[in-house]
Amino acid sequence: MQQTEVYEIAGAAAQAGIAKEDIVEFTERAMKLKVAFDMSTEASGEFIAKSKEQLGLSQEQTFAYADTINFLSDNSAAKANQLVEISNRVGGLARTQNISKETNLGFATTLLSMGKSAEVASTGLKQLYLELGKGADTKKKMEAFKNLGLNPDTINKEMAMDAEGTIIKVLEKIDKLKAEDKAAVLNDLFGEQAIDSVATLANNIDKVKKNLAFIMTIVSFVSAIVFLIIFGFAAPH
C-alpha cells in the first residue's frame, strides 16, 4: 500500500472524530479491510468511520462488526464490499427502527445471495423497515395489513417491541398470499421500488431465518475471540 493511501485513511479517521490515540489502530485495520474486502482505500476508511458513528459503536465494537462481515462473506454468496455498501446505506435507518446491525446483515445476505445488487437490496430494506415502522399511516396500508390478517393498529408498536420478529411475521404472511394478490399488497405497503426485494425475502423465508441464525453464531464466535484477545488468552493474528 502506498504511503499516500495510509495518510488518506488517517486523515479520514481524524475527520470522523477518531481519538488521536486510536488513529494508528484505525489506520492499520482499515488497511487490512481494504485488502480483505476488496475495497478502495477511501471506502475502507469510510466504512469504519461511518459504522462507528451511525451505529453508535466503540472502536473495538466496530472492528468486531467488520470481522462479522468478513466471516459472513467467507461463508455465503454475499461479498464483503456489498454488505459494507448496504450497511453504509441502511444501517443508520435500521438502528432508528430498532433493528440490530446483525439482523440487517441477515436480510442483506439473503437478498445478495439471491442475485440482488447492493443498491436494489438497500432500497428494498429501507422501505421494508421504514414502512413497517410507520405502521398503517395510509388507508391503502391499513387495508393491506388487514389482507395479511394483521392488526393495522398495532404494527408500529410491534416493531418498536420486536422489530425482527414483526418483520418475519409480515414476510410469512406475504409468502402465504395468493400469487395474484402479492404485487398489489406489496405495492400498497412498501412502494413499487421495493416489491422485488420484499417479495424475494418472503418467498425465501426459510433462507432468511437460516441466515439470521447463522449470523448470530458468527457474532458469538467473534465475541469470544475478542474476549480472548482483550484478556490475553490469545494473540491476534
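Residues numbered from 1 in each chain as written. Predicted model: local features only at pLDDT ≥ 70, side-chain atom pairs only at ≥ 80, totals over all residues. Heavy atoms only, no water.

Draft legend 1. View of the overall build of the protein chain. Check the secondary structure of the protein chain and you find 13 helices and 0 strands. Walking the protein chain from its N terminus toward its C terminus, one meets helices and strands in the order α-α-α-α-α-α-α-α-α-α-α-α-α. The buried share of the protein chain, taken over its 237 residues, is 44%. Roughly 11,800 Å² of accessible area belongs to the protein chain as shown, and the carbon and sulfur atoms make up 52% of that amount. (Helix = DSSP H or I, 4+ residues; strand = E, 2+ residues; numbered from the N terminus. Buried < 20%, exposed > 50% of the residue type's maximum accessible area, 1.4 Å probe, protein only. Areas by Shrake-Rupley, 256 points an atom, 1.4 Å probe, with all protein chains shown as cover.)

Draft legend 2. Just the environment of V120, in detail. Structurally, V120 can be placed in helix 7 (residues 118-134). You can call V120 partly exposed: its relative accessible area is 34%. Here the alpha-carbon distance between V120 and D196, two residues 76 residues apart in the chain, equals 8.7 Å.

Draft legend 3. Region of the structure containing the pattern of salt bridges. The tally for this structure, following the rule as stated, stands at 11 salt bridges. In the salt-bridge network here, residues are joined through shared partners; they are E131, K134, D137 and K141. (Salt bridge = Lys/Arg side-chain N within 4 Å of Asp/Glu carboxyl O.)

Draft legend 4. Structural view of the packing of helix 4 (residues 59-74) against helix 6 (residues 101-113). One can describe the packing of helix 4 onto helix 6 by two numbers: an axis separation of 12 Å at closest approach and a directional angle of 25°. It follows from the interaxial angle that helix 4 and helix 6 lie roughly parallel. When you trace helix 4 past helix 6, the crossing you get is right-handed. Facing Y65, T68, I69 and L72 of helix 4, the residues of helix 6 in contact are K101, L105 and T109. Partitioning the contact of helix 4 with helix 6 into residue classes produces 4 nonpolar, 2 polar and 1 charged. (Axes fitted to C-alpha atoms, helices over the stretch in contact; angles between N-to-C directions. Parallel < 35°, antiparallel > 145°, perpendicular 65-115°, else oblique. Left-handed = near helix turned anticlockwise from the far one by under 90°. Contact = heavy atoms within 4.5 Å. Nonpolar A, V, L, I, M, F, W, Y, C, P; charged D, E, K, R; others polar.)

Draft legend 5. Inspection of the side chain of N211 at higher detail. Within the secondary structure layout, N211 lies in helix 13 (residues 205-230). Here N211 falls in the buried class, since its relative accessible area comes to 11%. Those residues within four positions of N211 in sequence are excluded, and the remaining contacts are G106, T109 and T110.

Draft legend 6. Expanded view of unusual backbone geometry. Positive phi outside glycine occurs at D38, with the angle close to 55°. With respect to the element layout, D38 can be found in the loop between helix 2 (23-36) and helix 3 (41-54). Even without a glycine there, the phi angle at N98 is positive, about 70°. Following the sequence through the fold, N98 ends up in the loop between helix 5 (80-96) and helix 6.

Draft legend 7. Quick peek at the environment of D162. Here D162 lies in the loop between helix 9 (155-161) and helix 10 (163-175). Expressed as a C-alpha distance, the spacing of D162 and N98, which sit 64 residues apart in the sequence, is 7.8 Å. Of the polar contacts made by the side chain of D162, one reaches the backbone nitrogen of G165; its length is 3.0 Å. (Polar contact = N/O pair within 3.5 Å; in protein donor to acceptor, adjacent residues only side chain to side chain.)

Draft legend 8. The side chain of Q59, seen in detail. With respect to the helices and strands, the residue Q59 is situated in helix 4. Note on Q59: relative accessible area 9%, which makes it buried. Beyond its immediate stretch of four places on either side in the chain, Q59 contacts I18, D22, E25, F26 and K52.

Draft legend 9. Summary view of the packing of helix 5 against helix 7. The N-to-C vectors of helix 5 and helix 7 enclose an angle of 20°; their axes lie 9 Å apart at closest approach. Relative to helix 7, the element helix 5 lies roughly parallel. In the crossing of helix 5 with helix 7, the sense of the turn from one axis to the other is right-handed. Packed against helix 5, whose contacting residues are Q82, E85, I86, R89, V90, L93 and A94, the element helix 7 presents A118, E119, A121, S122, L125, K126, Y129 and L130 at the interface.

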